[in-house]
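# Structural overview
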Amino acid sequence: MTLDYKAATEKYEPTLGLEVHVELNTNSKMFCSCATEFGASPNTQTCPVCLGLPGALPVVNGKAIESTILIGLALNCSIAPYSRFARKNYFYPDMPKNFQTSQYDEPICVDGYLDVEIETDEGPKVFRVDIERVHMEEDTGKSLHVGGSTGRIHGAEYSLLDYNRAGIPLVEIVTRIIPGTGKYAPQVARAYVTQLRDILRSLGVSDVKMEQGSLRCDANVSLAPIGSGLLGTRSETKNVNSLRSVERALTGEIERQANRLEAGERIIQETRHFLEESGLTRPGRSKEQAEDYRYFPEPDLVPVTPDAKWIEELRAKLPENPADRRKRLQKEWNVPDSEMNSLINAELVDVVEETIKLGAEPTRARTWWLGEISRLANEKEVAPTSLISTAFVAEIIALITSGDLTDKLARQVVEGVVNGEGSPKDVIEKRGLKVVSDDSALMVAIEAAIAAQPDTAERIRGGNIPAAGALIGAVMKATGGQADASKVRELLLKHLGQG
Amino acid sequence: MTNIHSTAADMASALAAKEISSIELTKQHLDRIASVDGKINAFLHIDNAGALEQAEAIDKKRASGEKLSPLAGVPIAVKDILAQKGIPTTAGSKILEGWRPPYDSTVVAKLKAAGVVILGKTNMDEFAMGSSTENSAYGTTQNPWDLTRTPGGSSGGSAAAVAAFEAPLAIGTDTGGSIRQPAALTGIVGVKPTYGAVSRYGVVAYSSSLDQVGPFARTVLDTALLHEAIAGHDERDSTSINAPVPQVVTAAKRLDVKGMKIGVIKELSGSGFQAGVSARIAESIELLVAAGAEIVEVSCPNFEYALAAYYLIAPSEASSNLARFDSMRYGLRVGDDGSRGAEEVMSATREAGFGKEVKRRIILGTYALSSGYYDAYYGSAQKVRTLVKQDFDNAFAKADVLISPVTPTTAFKIGEKSDDPVAMYLSDIATIPVNMAGIGGMSLPVGLADEDGLPVGLQIMAPVMQDDRFYRVGGTLEAALLSKWGQPILSKAPDLAVQK
């Protein structure tokens, strides 16, 4: 007898805890001036400090402190007037000093929260995720274990070490335990990480690319029988490299734990690795014998004591919370959830907002970015924003609104701009894409169309208005699409006594 | 005539007056090293070629009329714990055998920039852990006063080099007395500046919150000249103090202590100190009174816990600082025969590469930081540290400087204490509180003990960043002693040529 997810969550209550590591996008490392570029040749971005050479000393990157404080403020944390770095001691070949400079009992940001909204059976529901702490630390180097079957250090023939990553500034954001999510635990976790990612992106402090490891989530979960009030033994799942994986990993882990408990087995407190292909987790390092990291205050660094005035300056600089902003824009633009989600997923909210700010009519701004421009971007496999500037889009939309361009003509203008033919004005001029709005010129075409299809004209005179379509089509064809169809219709009907 | 027995200040004047070239002066010292260092073993690495090259460069600059630093062209010996680009740097340990740093420590860079000629690297207790230089992986250093005795430690090589006229100046480091104690035992001047006054960048760390680089010389003025050359804020050391360097050279030349209040620390006198040591300290006090100073007695009741607290804090930090010696990136590697994993190779290397005392302290520190013991050991030790600071604050409210003996005894025999760690640790009982409080202190030779004819050191301590005060007192007392003796103390040391 095995429990599926539904049955598992009908019997057991999951309790979540999430640790998110964020690589900051500072130009230099946490404690030295080495570059932080992703993908550089191994061991080319190193120096005595990040290699932990004897005698080398760390100096804190002020920009990293600023970024961390911004994160703390965005997550509603208190910023500690006095915090310290500490050494976390353990031996591992990719850690140059065999201790990681981190923060322990005196972190820089504490006691925040983030409200996340998810869709439940009863409609949208907000869960408050309490943030315990946000602290700074340095990343380790990267090991590549070659040979052996597991890709792990044990059994490998040899290992390659790249210290470029050693010393990259990391911020760790730790939640308190998140109770009461019930069967929605995986969704709450995903929504939390998603929202966190959006906040970090809006702050501009990190690349937040889960697939590149600049945002990493360790998902802790434990189960206890519903209503028991107990807290079960937790597991910690690592290697969760996408938002979707956060949800999948937790779903799988909840199922696994429930089935162990059902079978009368106990949950081992351990680190587990998420396997992308199967959606399952496999055991990693066991934490049964809790490793003793022998934390103590880092004597090579002085305490971090940001002054209150600076913190307030940073607070004033905080951008609007992305979730609030979306709600505001959705209301302003009056669009349904589905369209808003399309804009969010396509990362077009910013450009649409900007295009509207430049005077474009809101509905057209959304339609053009989501439609024609996205289509062209898809064809070219690039981001829509790289194809055309918001200013040009706003200009084109203004011409549509004023009747100087038809949608069809506008598509040609966009195509011309994208192909590098210059500004919308240049394209219109070079391609001769002007709406024919001269009544006498149109009348010539209309009369020609009536002459060609006298029967149709007769039917219209007799009150068959829909029949006008055929004549309008003929006029549009005759003018090469440059006529304003509604204008043609107006003139035609008037001419045939139906205006 | 300028020779190896001259003071560094006189050497500098002679160089400036072009009475002697840096090449000549450097050669004199290299010759001296060649003839006596077989007996002393002060040097682990002698950089003949590098020193002569540097001397030649300085001579050229001087010939071209370039403005040079006060000590340009004067030779120096550097403790083997400071990284010097391309020059072996072992910290007295097997585990760093063969390592040539790819960078200069800030102090070495400053010396180079000042044109001070680096003769070589000096012997020391492994990773600065010890008080006799017997813990060096490369053999002990002998005291020039008596080759059967230790020169103290951990900077024993630097002190012995200066006392044996192998160098007029030397750099040491002091974590619990490692400059002041060997200075006292070899009859020279040694200073531990205020913590943060001299950059620690490039100094192989023993105990980061206590380590401090400082100067050795044969006179107070020479020590001050070197102090000014190496001190100052360094952006690469976060614990470096960003404030002007105290005017120690001016203070050393002042020769006046009228109106100064000198505190004698009650807890660091009387029983527990060798009679000859106490006698010389008492004489010094009389000379200071005669020079116009006022003596006050001060009490530092918490000093009695300082030694125990030190042996928790220093090993704790050391256990972490020394973790990086794992054979992965530099230094010794043992057992890498293809059959062992990284962890085993790390383990085998550390087993083979660290000496007994270093292992003792790593184990001690690892234990003290362990979860469940941290509060009782490391935590309590930090509280003692605060109390020791308070003792100093209270004492400095009553006195401008404080004095005490540097060590309980004169130089002890090689092997005498090497099997008794606690007896060895006790030789730093008077120097450790200074490190705990982060203040500065000087060891000044004040004569020979009657019972053994060996040098005695007086410790002079001043508040944070008031290092000029002990130079003022030291310079005044030195002058009074010199006029009493008629000749420098080192002239009483037995001739090395006849010592066996």
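Owing to the predicted nature of the structure, the values given are computational and were not obtained by experimental measurement.

Of regular secondary structure, chain B possesses 16 helices and eleven strands. What you see for chain B is a C-alpha radius of gyration of 21 Å, in line with the 23 Å of a compact globule of 500 residues. Its C-alpha atoms give chain B principal-axis dimensions of about 70 × 55 × 45 Å. The buried share of chain B, taken over its 500 residues, is 62%. For chain B, contacts bridging at least 24 residues in sequence account for 76% of all contacts bridging at least 6.

With that out of the way, let us pick up the overall build of chain A. When its secondary structure is counted, chain A shows 16 helices and 14 strands. Relative to the compact-globule value of 23 Å for 499 residues, chain A shows a C-alpha radius of gyration of 31 Å, a clear excess of over 25%. Viewed in the frame of its principal axes, chain A has a C-alpha envelope of about 95 × 60 × 50 Å. Of all 499 residues assigned to chain A, the portion counted as buried reaches 39%. Partitioning the intrachain contacts of chain A with sequence separation of at least 6 by distance along the chain shows that 68% fall at a separation of at least 24.

Let's shift gears to the domain arrangement of chain A. Residue and element names in this part refer to chain A. In terms of domain boundaries, chain A breaks down into domain 1 (5-310), domain 2 (343-431) and domain 3 (439-495). Taking the mean C-alpha position of each, domain 2 and domain 3 sit 30 Å from one another. Each partner contributes residues to the interface: domain 2 has four residues there, and domain 3 has four residues. In the side of domain 2 that touches domain 3, the residues fall into one nonpolar, two polar and one charged.

On to helix H6 (residues 322-333) of chain A. Each α-helix turn comprises 3.6 residues. Residues three or four places apart therefore point the same way. The end-to-end C-alpha distance of H6(A) is 16 Å, a good match for the 16 Å that twelve residues give at a rise of 1.5 Å each. A:Asn334 lies just past H6(A) and shows a positive phi near 55°.

What follows is about the interface of chain A and chain B. Between chain A and chain B, the residue contacts involve 27 residues of the former and 34 residues of the latter. Within the side of chain A that touches chain B, the residues separate by chemical class into 17 nonpolar, five polar and five charged.

What follows concerns the sheet that holds strand E5 (residues 189-192) of chain B. Residue and element names in this part refer to chain B. Reading across the sheet, the eleven strands line up as E1-E3-E2-E4-E6-E5-E10-E11-E9-E7-E8 and stay open at both edges, with mixed pairing between neighbours. Only two strands of the sheet have a single partner each, and these edge strands are strand E1 (43-46) and strand E8 (294-298). Sheet twist, expressed as the average angle between the axes of neighbouring strands with direction ignored, equals 25°. Where strand E9 (residues 401-405) meets strand E11 (residues 455-462), four bridges bridge the pair, whose relative direction is antiparallel. Counted as the bridge partner of leucine 402 is methionine 461 from E11. Across the face of the sheet, helix H2 (residues 22-40) comes into contact with E1, strand E2 (75-79) and strand E3 (117-122) while running at roughly 20° to E3. Running over the sheet, helix H5 (residues 156-163) touches E1, E2, E3, strand E4 (169-173), E5 and strand E6 (213-217) and is turned about 160° from E4.

On to unusual backbone geometry. With omega at 5°, the peptide bond leading from B:Gly153 into B:Ser154 counts as cis. You can see B:Ser154 is positioned in the loop between E3 and H5. A positive phi angle is found at A:Arg294, which is not glycine, with a value near 45°. Counting through the fold element by element, A:Arg294 comes out in the loop between strand E13 (281-286) and strand E14 (296-297). Phi at B:Lys18 is positive, roughly 60°, even though this residue is not glycine. By secondary structure assignment, the location of B:Lys18 is in the loop between helix H1 (8-16) and H2.

In spatial order, the strands read E4-E3-E14 (chain A); together these three strands make up an open sheet with antiparallel pairing. The sheet terminates laterally at strand E4 (99-102) and E14 of chain A, the two strands that pair on one side only.

Residue and element names in this part refer to chain A. At their nearest, the axes of helix H2 (residues 62-74) and helix H5 (residues 308-317) sit 10 Å apart, and the two run at 65° to each other. The interaxial crossing formed by H2 with H5 has right-handed handedness. Here Glu66, Ile69, Leu70 and Leu73 of H2 come into contact with H5, specifically with Ile311, Leu314 and Arg315. Considered class by class, the residues forming the contact of H2 with H5 number five nonpolar, no polar and two charged.

This part takes up the pairing of E3(B). Within a regular strand, side chains alternate between the sheet's two faces. Residues and elements named next belong to chain B. With respect to burial, E3 is a largely interior element, six of its six residues being buried. In terms of strand pairing, E1 meets E3 through three bridges, oriented antiparallel. Of the residues in E3, the one forming a bridge with histidine 45 is lysine 121. Here E2 runs beside E3; their pairing, made up of five bridges, is parallel. In the strand pairing of E3, isoleucine 76 is matched with isoleucine 118. Regarding topology, helix H4 (residues 106-113) serves as the crossover connection from E2 to the parallel E3, and that connection is right-handed.

Below, the discussion takes up the nonpolar core. Generally speaking, a soluble globular protein has its nonpolar side chains buried in company with each other. If you look at the biggest cluster of nonpolar residues, it comprises 159 residues, and the most contacted ones within it are B:Leu71, B:Val74, B:Ile76, B:Val162, B:Leu169, B:Phe216 and B:Val401. The contact partners of B:Leu71, leaving out residues within four places of it in the chain, are B:Ala8, B:Ala12, B:Ala114, B:Val116, B:Leu225, B:Leu226 and B:Ala229. Counting 70 residues, the second-largest nonpolar core is a separate cluster that includes A:Cys50, A:Ile79, A:Val188 and A:Val240.

A separate point is H4(B). Residue and element names in this part refer to chain B. Residues of H4 that are buried: Thr106, Val107, Val108 and Leu111. Tucked inside the fold, the buried residues of H4 contact E2, E3, E4, E6 and helix H7 (220-230). Taken from the residues just after H4, glycine 115 is the one with a positive phi, measuring 75°.

About the criteria used
Residues numbered from 1 in each chain as written. Chains lettered and ligands numbered in written order. Predicted model: local features only at pLDDT ≥ 70, side-chain atom pairs only at ≥ 80, totals over all residues. Helix = DSSP H or I, 4+ residues; strand = E, 2+ residues; numbered from the N terminus. Rg over C-alpha atoms; globule rule 2.2 N^0.38 Å. Buried ≥ 20, exposed ≤ 12 C-beta atoms within 10 Å, placed from the backbone. Contact = placed C-beta atoms within 7 Å. Domains from an automatic or database assignment. Nonpolar A, V, L, I, M, F, W, Y, C, P; charged D, E, K, R; others polar. Expected span 1.5 Å × (residues − 1). Pairing = 2+ DSSP bridges. Axes fitted to C-alpha atoms, helices over the stretch in contact; angles between N-to-C directions. Left-handed = near helix turned anticlockwise from the far one by under 90°. Right-handed = clockwise from strand over helix to strand, strands pointing away. Core = buried A, V, L, I, M, F, W, Y, C linked by C-beta atoms within 7 Å.

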